[in-house]
Amino acid sequence: RITAQLIDASQDRQLWSEIYDRNLTDIFAIQEEIANSIVNALRAELGLAALEGSVKVNQATKNMSAYDLYLRAYARFVDRDELDVAVKLAEEAVAADPDYAKAWELLAAVANVAPGWGHADRDYRGIAHQAAKTAIGLNEGRSMAWAVMGSLQASDSNPNIAAGIEYMTRAINEDPKNASAWLWRGLEFSRLGFFDAAARDINSCLDVDPAYLLCIYHSGLVE
């Protein structure tokens, strides 16, 4: 059961609500169906009746166990919580479906940030590098995998920041809504002393995700 609501927060007033009951067979088909139902219902409420097009949900894997593991790992990555557990969950996801490029990409991202959050029990950089390469091998358009490659280049013991920024730019070109890529590139610009470019990137991160706590934190440092 999925409940969707549109609320006018300024007036604390519900504008629209709907409950969807479906049998859990193909989760991606259900996501696409309900997303389009919501979009169509909201067009009139938001004055967007003239818009055309529909929501497409990409079926990244047919393995529901892998998808569940991916979601559990992703939630920890977003919260930067239990990142060692998130790495293990992502590893289980790619073991369940070795062709799941999105899960390889997530494994790369989680392993990449884990050392910065105090995890040193494994070679997380090595895990991140191999996972990013695998994700790109499966799908060259995986934005986060390119961002991780850039982060690894820029933070290596013998760093190549220019190459790192190039990879991060590739990541942004692949997906302009990759908030982490904007943040990471902004931080590298800041390290180089290009504070205007850093501020633009971090503001772009906040445009994509206004609730991204790390972007909020760093925005105060580069302004």
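Everything that follows concerns the structure shown earlier in this document.
Just so you know, these numbers come straight off a predicted model, no measurement behind them.

Engineer: So what exactly am I meant to see when it comes to the state of the cysteines here?
Structural biologist: Chemically, a disulfide is nothing more than a covalent bond linking the sulfur atoms of two cysteines. Applying the stated criterion to the full structure yields one disulfide. Here Cys205 connects covalently by a disulfide to Cys215, the sulfurs 1.7 Å from one another. On the sign convention where negative is left-handed, the bridge of Cys205 and Cys215, at about 80 degrees about the S-S bond, is right-handed. Placement of the pair is Cys205 in helix 9 (residues 195-208) and Cys215 in helix 10 (residues 213-222), with a sequence separation of ten residues.

Engineer: In this structure, what is going on with the packing of aromatic side chains? I would like to understand it.
Structural biologist: Working definition: an aromatic ring pair is given by the centre-to-centre distance plus the angle between the planes. All chains considered together, the criterion is met by five aromatic pairs. The interplanar angle of 45 degrees and the centroid separation of 6.5 Å between the aromatic rings of Tyr74 and Phe77 together place this pair among those described as tilted. Of this pair, Tyr74 and Phe77 both sit in helix 2 (residues 64-79), three residues apart, which is roughly one turn of the helix. For Phe77, a relative accessible area of 6% gives the class buried. Measuring from centroid to centroid gives 6.5 Å for Phe189 and Phe194, while their planes differ by 80 degrees, and the two rings are edge-to-face. Looking at Phe189, the relative accessible area reads 16%, which means it is buried. According to the relative accessible area criterion, Phe194 is partly exposed, its value standing at 48%. Among the aromatic residues, ring-to-ring pairing joins Tyr70, Tyr74, Phe77 and Tyr100 into one connected group. The lysine or arginine in question, Arg80, covers the ring of Phe77, its NZ or CZ lying 4.4 Å from the ring centre.

Calculation criteria
Residues numbered from 1 in each chain as written. Predicted model: local features only at pLDDT ≥ 70, side-chain atom pairs only at ≥ 80, totals over all residues. Heavy atoms only, no water. Disulfide = S-S within 2.5 Å. Helix = DSSP H or I, 4+ residues; strand = E, 2+ residues; numbered from the N terminus. Phe/Tyr/Trp six-rings, centres within 6.5 Å; stacked < 30°, edge-to-face > 60°. Buried < 20%, exposed > 50% of the residue type's maximum accessible area, 1.4 Å probe, protein only. Lys NZ or Arg CZ within 6 Å of the ring centre and 35° of its normal.

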